[in-house]
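Given next are the chains, with one letter for each unit.
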Amino acid sequence: MKSAFETENYSLAIKVRQKTALASPFLRFPGLLYELDLSPHESQLLSIKVEIDTNPPVGASVSTTIVSRYVTLNLLHHDRASLLAV
């Protein structure tokens, strides 16, 4: 993931917390908010927390959603039925 962002010239720091079957990496982009004129502080970080289930439930299926607001994101996620399964 880091090399993909760096290929696009984004500076990225990743900190990963592994809790049992749930991995929670924090993606930190230093200076990006300043570069996009969203912050007057060059040192401010944009932090994104991603949660990854490394042991999904049996029968869980995934969906893809395209979000187009400021940038286009292609999100791969569990479908609603899998997220609400007990």
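Placed above this text is the structure.
A. Geometry of the overall build of the protein. A count of helical and extended segments in the protein gives three helices and six strands. Shown N-terminal to C-terminal, the secondary structure of the protein runs as helices and strands in the order α-β-β-α-β-β-β-β-α. By the compact-globule yardstick of 12 Å for 86 residues, the protein is too spread out, its C-alpha radius of gyration being 16 Å. Seen through its principal axes, the protein has C-alpha atoms that stretch 45 × 30 × 25 Å. Looking at the protein as a whole, 15% of its 86 residues are labelled buried. The contacts in the protein between residues at least 6 apart in sequence include a share of 21% that link residues at least 24 apart. A total accessible area of about 7,200 Å² is found for the protein, and carbon and sulfur atoms account for 56% of it.

Scoring rules and cut-offs
Residues numbered from 1 in each chain as written. Predicted model: local features only at pLDDT ≥ 70, side-chain atom pairs only at ≥ 80, totals over all residues. Heavy atoms only, no water. Helix = DSSP H or I, 4+ residues; strand = E, 2+ residues; numbered from the N terminus. Rg over C-alpha atoms; globule rule 2.2 N^0.38 Å. Buried < 20%, exposed > 50% of the residue type's maximum accessible area, 1.4 Å probe, protein only. Contact = heavy atoms within 4.5 Å. Areas by Shrake-Rupley, 256 points an atom, 1.4 Å probe, with all protein chains shown as cover.

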